[in-house]
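Descriptive analysis of the structure
Read off the chains here:
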Amino acid sequence: MALVDHHVHGATSHDLSRTAFEELISESDRPVPAWMTRFDSQLGYAILRHCAPVLGLEEHCTPEEYLARRARLGAAETNRLLLTASGVGHFLVETGHRGDELLGPSGMAEAAGVPADEIVRLESVAERVAAGGCEAGAFAGRFAEALWERARTARGLKTIAAYRYGLDFDPAPPTREEVTEAAGHWLSAGGGRLTDPVLLRHLIWTGLECGLPLQFHIGYGDPDLDLRRSDPLLLRGLVERAEPTGVPLLLLHCYPYQRHAGFLAQAYPNVFFDVGLAVTHTGARSVAVVAESLEVAPFAKILFSSDAFGPAELHHLGALLWRRAMARVLGGFVAEGEWSVAQAMRVATMVGSANARRVYGLGTPAGPFE
Amino acid sequence: MALVDHHVHGATSHDLSRTAFEELISESDRPVPAWMTRFDSQLGYAILRHCAPVLGLEEHCTPEEYLARRARLGAAETNRLLLTASGVGHFLVETGHRGDELLGPSGMAEAAGVPADEIVRLESVAERVAAGGCEAGAFAGRFAEALWERARTARGLKTIAAYRYGLDFDPAPPTREEVTEAAGHWLSAGGGRLTDPVLLRHLIWTGLECGLPLQFHIGYGDPDLDLRRSDPLLLRGLVERAEPTGVPLLLLHCYPYQRHAGFLAQAYPNVFFDVGLAVTHTGARSVAVVAESLEVAPFAKILFSSDAFGPAELHHLGALLWRRAMARVLGGFVAEGEWSVAQAMRVATMVGSANARRVYGLGTPAGPFE
Amino acid sequence: MALVDHHVHGATSHDLSRTAFEELISESDRPVPAWMTRFDSQLGYAILRHCAPVLGLEEHCTPEEYLARRARLGAAETNRLLLTASGVGHFLVETGHRGDELLGPSGMAEAAGVPADEIVRLESVAERVAAGGCEAGAFAGRFAEALWERARTARGLKTIAAYRYGLDFDPAPPTREEVTEAAGHWLSAGGGRLTDPVLLRHLIWTGLECGLPLQFHIGYGDPDLDLRRSDPLLLRGLVERAEPTGVPLLLLHCYPYQRHAGFLAQAYPNVFFDVGLAVTHTGARSVAVVAESLEVAPFAKILFSSDAFGPAELHHLGALLWRRAMARVLGGFVAEGEWSVAQAMRVATMVGSANARRVYGLGTPAGPFE
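Along each chain, the written sequence defines residue order, and numbers are assigned to residues from 1. Each chain takes a letter, starting from A, and each ligand takes a number, starting from 1, following the order in which they are written. In keeping with the predicted nature of the model, local features appear solely for residues at pLDDT of at least 70, side-chain atom pairs appear and are counted solely at 80 or more, and the whole-chain, interface and lining totals rest on all residues. Working from all heavy atoms in the structure, the side-chain values ignore hydrogens and water.

Chain A is annotated in an unreviewed UniProt entry as Amidohydrolase family protein from Nonomuraea phyllanthi.

And the structure:
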């Protein structure tokens with residue numbers, strides 16, 4: 001079964017020093033302290049276990065051996081090896097974050113040999129409008145125009161309001177006057193990183209008008225984020241107000257609030273979720289995280305993503321660890337006599353690809369791989 | 001061992017269409033989207049696995065086969081088969097929610113062939129007082145009178161303040177003046193669904209005066225509820241203020257906050273809890289939920305309930321999945337050499353029936369079954 | 001491998017009645033209800049399973065047999081047997097709580113035959129300054145002087161702001177004027193139990209100036225504590241403000257928020273954590289708690305502690321259950337082919353002793369035991 005990775009960033013197109021590599025295998029944006037290495041982590045050990053053989057090394061090799069082989073192969077060949085072995089049949093690439101350092105959708109499609117489409121980050125579109133010069137009163141119109149233009153070819157939208165403010169924002173759409181006033185403050189201060197909650201809400205509501213599936217960063221991420229204010233339960237008001245639009249809301253990652261996300265996915269027809277990033281970063285423990293995602297949510301509401309960013313190890317492990325976790329969890333249900341084999345296969349297919357194909361309108365798989 | 005199901009609703013007394021059945025096997029109150037079936041869920045798979053054989057079908061049959069057999073047997077025979085096979089020896093039936101569609105305590109006793117007593121919902125008593133016509137100044141007295149009358153034959157009381165407001169209410173009892181004022185607003189608006197936090201607090205404090213064990217809906221439930229505001233830790237102030245009354249406070253369901261409930265049950269002598277509803281709805285994963293309930297709470301403070309409502313499949317699975325989970329969790333402790341077999345038997349008996357018999361004063365079991 | 005127990009209290013130096021013993025094997029400060037025994041708990045069963053053989057009894061003996069043997073041996077011999085069999089090679093003893101009833105660092109060193117150093121509780125130092133008589137304007141200076149004096153021989157400091165106020169305090173250091181004003185209120189009311197958030201913040205910031213590692217009580221504890229307000233995520237502001245000081249912040253226990261603590265330990269170089277107290281109190285379930293602590297945090301950021309207080313059973317079980325849990329969790333990773341044996345040994349050594357030796361500057365182990 002070829003997976004649909006419904007939320008991923010590009011692979012790094014250039015070679016990485018050890019420092020750069022270690023910085024990219026953690027969500028921390030701080031330098032690595034001299035007294036530790038980030039290879040001493042679940043993700044580090046998963047790289048040495050699962051990616052080393054793909055690069056022709058022994059399992060559980062040393063970090064030095066691994067990085068030396070990686071450097072010798074070069075970024076392009078490393079990417080090709082890890083991406084083609086990932087078993088992903090379709091990538092939905094979010095392009096809004098440091099996109100100039102990473103492969104875009106076409107680069108990903110080329111390196112992996114499978115289709116790749118785009119997910120557009122709302123905040124990046126708005127910041128580009130501001131960077132292009134814009135009057136406060138014209139902002140709403142210019143943003144809508146820019147978004148609809150981008151949305152013509154995109155498969156979905158994404159908001160990182162969790163990073164920029166928190167999910168405890170007023171769920172109601174702001175008025176036109178509020179938007180103009182907030183845009184005035186932001187633009188007169190030079191634009192840049194958008195953190196105003198009025199504008200963030202405006203972006204979300206404009207995104208909802210587009211009709212494309214809307215992804216939300218939830219839970220686990222870098223220290224920019226107050227994890228307390230990224231609990232998906234904070235979105236209840238927005239979920240209820242957005243319900244009549246019929247737009248699918250996709251809660252990404254959700255760790256450690258995966259049970260909260262499962263509750264919302266059961267309660268509301270417009271809520272979907274995944275445990276994306278948390279699978280890669282919990283390595284040998286990802287089985288437990290995936291298991292907790294399979295409790296109260298209907299299986300038609302759960303998706304797979306890797307949220308990989310940078311080293312193609314993350315793309316590879318996102319898919320590999322998810323497959324491994326699903327095999328162990330669903331295989332366990334079968335071994336205990338609780339599920340049939342057919343039910344386990346059905347749910348693996350739904351979560352791994354069919355749900356994403358339906359939500360994003362990707363059509364039925366074409367190639368032998370999908 | 002015959003269980004005491006200390007919090008349950010009646011079984012549906014009439015036949016159910018597929019739509020009606022699917023609506024009742026989820027806590028969501030929304031229509032089922034056309035692109036999914038609620039049989040694709042842990043609860044759905046548990047029905048096909050465990051209830052199908054009780055109705056004479058193969059394990060893991062299709063939803064169509066299951067519903068056809070169910071329709072052929074009819075509601076009364078389906079109820080009889082599933083209830084008598086549940087191994088429950090005593091039901092405490094909460095009658096406050098859509099009671100006209102469901103079997104009452106006597107109907108349950110008849111269908112299951114075991115005793116059934118009543119749990120009275122505070123909010124329903126108050127709403128009936130309002131429906132009967134009442135002056136604001138007379139409300140407190142009329143409510144107390146109605147409650148004491150109902151309490152004469154009931155085993156316990158229940159509040160759904162979590163649904164009607166949230167658990168973050170002021171823990172102090174309101175003054176008589178506050179109650180009269182709030183009752184005035186409510187009654188002059190026609191009564192109906194009671195959501196005023198002053199009145200909800202008043203109901204709870206009047207309930208505490210009754211002296212009967214008091215159940216609280218906590219955590220997991222339908223979308224009416226803000227899961228964030230149903231964390232049992234929010235009850236700390238009330239628990240401490242209620243401690244001198246000696247009234248047992250029983251926290252129901254608690255998912256995903258079962259560890260929070262366990263903390264309260266360890267800390268405060270008047271707190272008890274169960275993982276009720278969450279066992280049924282997590283199906284093959286209920287083992288993990290039950291395991292998390294067996295951490296810091298003393299074993300004398302944990303109870304069993306199903307919170308089943310409607311299809312007798314829920315009554316059957318509540319008991320069956322709980323037994324299965326306890327057997328696997330406690331059996332695991334024994335297999336690992338941590339507990340003796342006698343300890344495992346003792347704890348299963350405490351949680352499954354003895355604790356409830358002590359708290360509700362049910363006496364020692366009489367029949368061969370208990 | 002000899003463990004470093006980086007946060008522990010002394011063992012009780014006197015004999016204990018059954019009532020006194022049961023009161024000390026729970027975090028509840030309430031009397032034990034007549035209808036239960038605290039031996040019916042995970043901790044109680046772990047005592048009967050693991051401590052009984054150390055005292056020469058059969059595994060799973062009765063509480064009566066256990067307590068009779070304990071009484072016959074006497075406190076000193078019981079302590080010696082349980083402490084020397086714990087496999088702890090170095091104790092860091094927090095002396096600020098009921099220290100007169102317990103062995104101090106030298107008593108612990110003598111009973112266990114290994115080194116023991118001191119951790120100083122900030123609030124106790126401040127309360128002693130107040131008890132000695134102090135003007136409001138002189139408080140800050142007198143406290144700093146007393147703290148630096150104590151810190152000369154201590155290995156670390158500790159704050160129990162979680163108990164005294166909650167972790168939702170203003171993270172900024174208070175001004176000198178604010179401190180003087182708050183000290184005035186406190187001292188004029190006779191000093192005693194310090195709960196003023198301005199003074200608690202002042203103690204923490206003065207502690208940070210000392211440069212010694214600073215421990216925080218987090219999560220699980222006695223009913224004095226509002227568990228909701230002891231979520232480690234509430235410390236985000238303080239963690240970020242303290243980052244430039246380079247002082248290690250050690251989050252203790254953290255249950256049930258161990259995943260929140262793991263997130264902070266990944267995000268911030270100055271954050272470390274353990275699951276201390278929760279290991280002992282969850283007994284057979286401690287495997288699950290330890291497993292959840294090994295998810296997103298780098299392994300260089302996780303420590304071991306028992307937080308034992310009183311009966312030496314707690315010291316013994318803290319170490320024994322942690323070893324057992326690590327063996328099962330890491331052994332599971334190896335058995336599943338995810339980790340190498342060398343990686344498992346490395347992580348057990350890091351978490352069990354090496355990380356604490358580095359953070360507290362304990363040097364490399366000297367004896368054959370370490």
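Before going further, it helps to examine the overall build of chain A. Strands are runs of DSSP state E lasting at least two residues, helices are runs of H or I lasting at least four, and both sets are numbered from the N terminus onward. Counting secondary structure elements, chain A contains 15 helices and seven strands. Computation of the radius of gyration draws on C-alpha atoms, with the globule rule given as 2.2 Å multiplied by the number of residues to the power 0.38. Whereas a compact globule of 370 residues would reach a radius of gyration of roughly 21 Å, chain A reaches 20 Å, a difference of no more than 12%. If one aligns the C-alpha atoms of chain A with their principal axes, the spans along those axes are about 60 × 50 × 40 Å. Of the roughly 12100 Å² of accessible surface on chain A, 52% is carried by carbon and sulfur atoms. Exposure was quantified through the Shrake-Rupley algorithm and a 1.4 Å probe, taking into account, for residues, occlusion by the shown protein chains and nothing else.

What follows concerns the pairing of strand β6 (residues 249-253) of chain C. All names here are of chain C. Per-residue accessibility, obtained with a 1.4 Å probe over protein chains only, is compared with the maximum for each type, and a residue is labelled buried under 20%, exposed over 50%, and partly exposed between these values. Of all five residues in β6, five are buried, a share of seventy percent or more. We call two strands paired when DSSP finds no fewer than two bridges between them. Of the strand pairs in this sheet, strand β5 (residues 214-218) and β6 are connected by five bridges, and their pairing is parallel. When the bridges of β6 are listed, Phe216 appears paired with Leu251. Orient the strands so they point away from the viewer; a crossover is then right-handed if the path from the first strand over the helix to the second runs clockwise. With helix α11 (residues 236-242) bridging β5 and the parallel β6, this β-α-β connection has right-handed handedness. Where β6 lies against strand β7 (residues 271-273), three bridges are found, and the strand directions are parallel. Note that in β7 the partner of Leu251 across the bridge is Phe273.

Here a residue-residue contact requires only that any non-hydrogen atoms of the pair lie within 4.5 Å. On the side of chain C, 37 residues touch chain B, which itself brings 34 residues to the contact. A buried area of about 3200 Å², summed over both sides, lies between chain B and chain C, and 54% of it is on carbon and sulfur atoms. As a working definition, buried area equals the accessible area (1.4 Å probe) given up by two parts on being put together, with both sides summed. In terms of surface lost to chain C, no three residues of chain B exceed Arg259, Phe263 and Glu338 of chain B, which account for 20% of the buried area on that side. A salt bridge links Asp231 of chain B to Arg228 of chain C, with the nearest nitrogen and oxygen atoms 3.3 Å apart. In the analysis that follows, any N or O atom pair within 3.5 Å is treated as a polar contact, provided that within protein one partner can donate a hydrogen and the other can accept it, and provided that, for residues neighboring in sequence, both atoms belong to side chains. Along the contact surface separating chain B from chain C lie 22 residue pairs in polar contact (both at pLDDT 80 or more). Polar here means any residue outside two lists: the nonpolar Ala, Val, Leu, Ile, Met, Phe, Trp, Tyr, Cys and Pro, and the charged Asp, Glu, Lys and Arg; Gly therefore counts as polar. Of the residues belonging to the side of chain B that touches chain C, the class tally is 17 nonpolar, five polar and twelve charged. What makes a salt bridge here is a side-chain nitrogen of Lys or Arg within 4 Å of a carboxyl oxygen of Asp or Glu, nothing more.

For the rest of this paragraph, the subject is the packing of helix α2 (residues 42-54) of chain C against helix α15 (residues 312-335) of chain C. Residues and elements named next belong to chain C. Axis definition: a line fit to C-alpha positions, over the contact stretch in the case of helices; interaxial angles, taken between N-to-C directions, run 0 to 180 degrees. Where α2 contacts α15, the axes come no closer than 10 Å and their chain directions differ by 95 degrees. When the axes of α2 and α15 are compared, the pair comes out roughly perpendicular. Residue-level contacts link Leu43, Ala46, Ile47, His50, Cys51 and Val54 of α2 to Glu313, Leu314, His316, Leu317, Leu320 and Leu321 of α15. The residue makeup of the contact of α2 with α15, split by class, is nine nonpolar, two polar and one charged. Any angle that is under 35 degrees is reported as roughly parallel, and any over 145 degrees as roughly antiparallel; angles of 65 to 115 degrees are reported as roughly perpendicular and all others as oblique.

Estimates place the volume of the largest pocket at around 1300 Å³. Buriedness of a pocket was judged along seven lines, with at least five required to meet protein on both sides within 12 Å; pockets are open sets of points on a 1 Å grid over the protein atoms alone, cavities are sets where a 1.4 Å probe fits but cannot get out, and lining residues have an atom within 4 Å of a point. Along its surface, the largest pocket is lined by 35 residues, and Arg285 and Ala288 of chain A, Arg285 of chain B together with Arg285 and Ala288 of chain C are the ones closest to its centre. Only α13 (286-293) and α14 (312-335) of chain A, α13 (286-293) and α14 (312-335) of chain B together with α14 (286-293) and α15 of chain C provide two or more residues apiece to the lining of the largest pocket. Tallied by class, residues from the lining of the largest pocket come to 18 nonpolar, three polar and 14 charged. Grid points are joined across faces, edges and corners, and a volume is the space filled by probe spheres set on the points.

Applying the stated rule across the entire model yields 78 salt bridges over all chains. Between Arg229 of chain B and Asp168 of chain B there is a salt bridge whose closest N-O contact spans 3.0 Å. One end of the pair, Arg229 of chain B, is in the loop between β5 (214-218) and α10 (236-242); the other, Asp168 of chain B, is in the loop between α7 (161-164) and α8 (176-188), and 61 residues separate them in sequence. A relative accessible area of 25% places Arg229 of chain B in the partly exposed class. Among the ionic pairs, Arg152 of chain C bridges to Glu149 of chain C, the shortest N-O distance being 3.3 Å. By relative accessible area, Arg152 of chain C is classed as exposed at 62%. Residues joined in a network through salt bridges with shared partners are Arg259 and Glu295 of chain A together with Arg285 and Glu292 of chain B.

For Phe, Tyr and Trp, rings pair up if their centres lie within 6.5 Å, where Trp contributes its six-membered ring, and each pair is then called stacked (planes under 30 degrees apart), edge-to-face (over 60) or tilted (otherwise). The final tally for this structure, using the stated rule, is 36 aromatic pairs over all chains. Consider the rings of Phe21 of chain A and Phe39 of chain A, whose centres lie 5.8 Å apart with planes at 15 degrees: the pair is stacked. One end of the pair, Phe21 of chain A, is in helix α1 (residues 18-24); the other, Phe39 of chain A, is in the loop between α1 and α2 (42-54), and 18 residues separate them in sequence. Ring centres of Phe333 of chain B and Trp339 of chain B lie 4.9 Å apart, and the angle between their planes is 45 degrees; this geometry places the pair in the tilted category. In this structure, Phe333 of chain B and Trp339 of chain B share a single accessibility class: buried. Connected via pairs of aromatic rings, a cluster forms that spans Tyr45 of chain A together with Phe299, Phe333 and Trp339 of chain C. Only lysine NZ and arginine CZ atoms are considered, and such an atom sits over a ring when it is within 6 Å of the ring centre and within 35 degrees of the ring normal. Just above the ring of Phe272 of chain B sits the side chain of Lys301 of chain B; from NZ or CZ to the centre is 5.2 Å.

Once that is clear, we can look at the relation of the copies chain C and chain A. Only residues with pLDDT of at least 70 in both copies contribute their C-alpha atoms to the least-squares superposition of the copies. Turning chain C through 120 degrees and shifting it by 0.0 Å along the axis lays it on chain A, with an RMSD of 0.0 Å. Here the transformation between the copies is reduced to the relation of a three-fold axis. Residue Ala288 of chain C of chain C places its C-alpha closer to the rotation axis than any other residue of that unit, at 5.8 Å. By residue overlap, the copies meet through two different surfaces: only 3% of the interface positions of chain C are interface positions in chain A.

Moving on to the UniProt feature "domain: Amidohydrolase-related" (unreviewed entry) in chain A. UniProt positions are given in the numbering used here, feature names are shortened, and annotations may be inferred rather than shown by experiment. Per the UniProt record, "domain: Amidohydrolase-related" (unreviewed entry) is annotated on residues 187-362 of chain A. This span, residues 187-362 of chain A, is 52% helix and 7% strand, and a straight line between its end C-alpha atoms measures 38 Å.

Bringing the interface of chain C and chain A into the picture now. Counting from both sides, the interface comprises 34 residues of chain C and, opposite them, 37 residues of chain A. Here chain C packs against chain A, burying approximately 3200 Å² in sum over the two surfaces, 54% of which is carbon and sulfur. Together, Arg259, Phe263 and Glu338 of chain C form the three largest contributors to the area buried by chain C at its contact with chain A, with a combined 21%. At the junction of chain C with chain A, the criterion picks out eight salt bridges. At the junction of chain C with chain A, the criterion picks out 22 residue pairs in polar contact (both at pLDDT 80 or more).

On the secondary structure map, Lys301 of chain A appears in the loop between α13 and α14. Although Lys301 of chain A lies buried, it forms no salt bridge, and the closest oppositely charged side chain, Glu243 of chain A, sits 8.9 Å away as judged by the N-O distance. Residues in contact with Lys301 of chain A, not counting those within four places in the same chain, are Ala265, Tyr268, Pro269, Val271, Phe272, Phe273 and Asn355 of chain A together with Trp35 and Met36 of chain B. The charged-residue count follows a simple rule in which Lys and Arg add positive charge and Asp and Glu add negative charge, with His and chain termini not counted at all.

All right, on to the relation of the copies chain B and chain C then. Superposing chain B onto chain C requires a rotation of 120 degrees together with a translation of 0.0 Å along the rotation axis, leaving an RMSD of 0.0 Å. Here only 3% of the contact residues of chain B are again contact residues in chain C; the copies associate through non-equivalent surfaces.

Let's shift gears to the pairing of strand β3 (residues 116-121) of chain B. All names here are of chain B. Burial within β3 is extensive, with six of its six residues counted as buried. Alternating positions in β3 separate into two faces, Ala116, Glu118 and Val120 on one and Asp117, Ile119 and Arg121 on the other, with burial throughout. Note that the unit made of strand β2 (residues 88-94), helix α4 (residues 105-112) and β3 has a crossover that is right-handed. Relative to strand β4 (residues 154-159), β3 is paired through four bridges, and the arrangement is parallel. Note on β4: the bridge partner recorded for Val120 is Leu157.

What follows deals with the sheet that holds β3 of chain B. Residues and elements named next belong to chain B. Strand order across the open sheet formed by seven strands is β1-β2-β3-β4-β5-β6-β7, with parallel pairing between neighbours. The outermost strands of the open sheet, each flanked by one partner alone, are β1 (3-8) and β7 (271-273). Looking at each pair of strands side by side, their axes are set apart by 25 degrees on average, direction ignored. Along the sheet face, helix α11 (residues 258-267) touches β6 (249-253) and β7 and points at about 145 degrees away from the line of β7. Of the strands in this sheet, β1, β2, β3, β4, β5, β6 and β7 are in contact with helix α15 (residues 341-360), which crosses β1 at around 60 degrees.

Before going further, it helps to spend a moment on unusual backbone geometry. Here the bond from Tyr255 of chain B into Pro256 of chain B is cis, since omega is 0 degrees, no more than 30 degrees from zero. Its location among the elements puts Pro256 of chain B in the loop between β6 and α11. One non-glycine residue, Asp307 of chain A, adopts positive backbone phi at about 50 degrees. The topology assignment puts Asp307 of chain A in the loop between α13 and α14. Positive phi is not limited to glycine here, since Cys254 of chain C has a value of about 70 degrees. With respect to the helices and strands, the residue Cys254 of chain C is situated in the loop between β6 and α12 (258-267).

As used here, the term nonpolar core means buried Ala, Val, Leu, Ile, Met, Phe, Trp, Tyr and Cys residues forming a set that is joined through side-chain atoms within 4.5 Å. Formed by 386 residues in total, the largest nonpolar core has its most connected members in Tyr66 and Phe139 of chain A, Tyr66 and Phe139 of chain B together with Tyr66 and Phe139 of chain C. For Phe139 of chain C, the residues in contact, after removing those within four places along its chain, are Ala126, Val129, Cys134, Val179, Ala183, Trp186, Leu187, Leu199, His202 and Leu203 of chain C.

In this section: the environment of Leu16 of chain A. Residue and element names in this part refer to chain A. Within the element layout of this structure, Leu16 appears in the loop between β1 (3-8) and α1. Each C-alpha atom, one on Leu16 and one on Asp196, is 35 Å from the other, the two residues being 180 residues apart in sequence. Residues contacting Leu16, with those up to four places away along its chain left out, are Phe21, Leu24, Arg70 and Pro311.

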